[in-house]
Amino acid sequence: MISHVKKRYAGISRISIVIIIIAILIIAGIAYVIMTQWVPTHHAVKTIRIGICDPISGAFAPLGTRHKLLSEIMIEKINAEGGIYVEEYGRKLPIELVIYDHETNPQRAVELTTKMIVEDNVVAIFSVGDPSTALPMAQLAEKYHVPLFIIIPAEVFLTLGPVNYTWDFSWYLGDVMKLIMGVLDQYRVQTNEVVGIWAVDDPDGHGWHDSAIPVLEQAGYTICDPGFYPPGTKDFTAIITQYKNFNVEILLGQGYAGDFASFWRQCALQGFKPKMAIILRAIMFEEDIKTIGGDLPLGLMTELHWSLRYPFPWNDFIAEEISGVCLLYTSPSPRDLSTSRMPSSA
């Protein structure tokens, strides 16, 4: 689903929970499978310990804070009904969440994943974020034989090769490109068909770039590809100059929120304003859009992966249980997502 950024950012805020909800809704069903296959039966346990290792701070904090909040809400509901029935014990056990913040840092993700497995003895781990943290976590899950559930593009997930303990709940970048091409082709005649590529130098950026280029070329678009930018780049003048020299009228991008905010402000200062701009990942959340400043985000388009309006199974349940959570992001004073019940990670 492609959404325009509208005045006062309403287009984003109403469904800013996005794909994270998918992982939360499968906890109840998966927990039973986890318990029947991986919970040790040689001693009695009092709770089902599930780990969450998310970017609650750092570049992808908007993603992690929402996942944490929704996880807590869903687990509270499950526990209020007695928890998950475990056949080996003949009764229900409550779920205990062990939540850590990997700070959008791959090394920290590795440290905390190891801690959850070795010290906290979790039976499974859920994580959101990007491939730079998810892929090393998957290697640990395979090493220790602990189930891990992640959300990264399918093409990137498949680079892991055969896995036995890692599940990916996501989409193919090729399918995302089909949606993007639908938008581009709708307005194609209003442009010169020259597309500028803006991609970060990380696994997600490479995966998207490598999926997008062949599709655009096959469709007959002219491409200006200045190469990957390093995360944290402060000066985008060289890239912007290439766009201007190439007379780019369509911009497709995938990168970090802070980087895009700097890039887009510099585009305005240097007089580069494409007729269309579809930016993935960087402007999925209202917090990210606001960092750009003023009216500069107006007219940008981005990806949205889920809506209460979708007629999929479980959506009646979501509408009843999660609609109140959605309202947290449309109210003038949304709930403070920094409030945490995380154990110390020291």
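Notes on the structure follow. (Residues numbered from 1 in each chain as written. Predicted model: local features only at pLDDT ≥ 70, side-chain atom pairs only at ≥ 80, totals over all residues. Heavy atoms only, no water.)

## Some thoughts on the overall build of the protein chain
Right, so step 1: Helix and strand counts for the protein chain stand at 14 helices and 14 strands.
Right, so step 2: Within the protein chain, the fraction of its 346 residues that count as buried is 55%.
Right, so step 3: Considering only contacts within the protein chain whose residues lie at least 6 apart along the sequence, 71% involve residues at least 24 apart.
Right, so step 4: As displayed, the protein chain has an accessible area near 15,200 Å², and 55% of this comes from carbon and sulfur atoms. (Helix = DSSP H or I, 4+ residues; strand = E, 2+ residues; numbered from the N terminus. Buried < 20%, exposed > 50% of the residue type's maximum accessible area, 1.4 Å probe, protein only. Contact = heavy atoms within 4.5 Å. Areas by Shrake-Rupley, 256 points an atom, 1.4 Å probe, with all protein chains shown as cover.)

## A few points about the pattern of salt bridges
Right, so step 1: Tallied over the entire structure, the rule returns 15 salt bridges.
Right, so step 2: We note a salt bridge from D130 to R281, for which the minimum N-O separation is 3.7 Å. Of this pair, D130 sits in the loop between β6 (124-126) and α6 (131-144) while R281 sits in the loop between β13 (276-280) and α12 (286-290), placing them 151 residues apart in sequence. Here D130 matches R281 in class, with each residue buried. (Salt bridge = Lys/Arg side-chain N within 4 Å of Asp/Glu carboxyl O.)

## Section: the nonpolar core
Nonpolar side chains in soluble globular proteins tend to be buried together.
Right, so step 1: Within the largest apolar cluster, 31 residues are counted, with the highest numbers of intra-cluster contacts made by W198, Y243, L251, F260, F263, W264 and I283.
Right, so step 2: The biggest single contributor to this core is helix α11 (residues 257-269), with five residues.
Right, so step 3: Look past the residues within four positions of W264 in its chain and what remains in contact with it is L251, P274, A277, I292, L296 and L300.
Right, so step 4: Grouped together as the second largest cluster of nonpolar side chains are 22 residues, L173, W208, A212 and Y221 included. (Core = buried A, V, L, I, M, F, W, Y, C linked by side-chain atoms within 4.5 Å.)

## A word on the sheet that holds strand β5 (residues 95-101)
Right, so step 1: On the basis of which strands lie adjacent, the open sheet formed by five strands has the order β5-β2-β6-β7-β8 and parallel pairing. Two strands in the sheet have a free side with no partner beyond their single neighbour: β5 and β8 (166-168). Taken pair by pair, the neighbouring strands of this sheet meet at an average axis angle of 20°, ignoring direction.
Right, so step 2: Relative to β8, strand β7 (residues 148-150) runs parallel, the two being bridged by three bridges. The residue bridging L148 from the neighbouring strand is T166, located in β8.
Right, so step 3: Contacting β2 (48-54), β5 and β6, helix α4 (residues 61-80) runs over the sheet at an angle of about 170° to β5. (Pairing = 2+ DSSP bridges. Axes fitted to C-alpha atoms, helices over the stretch in contact; angles between N-to-C directions.)

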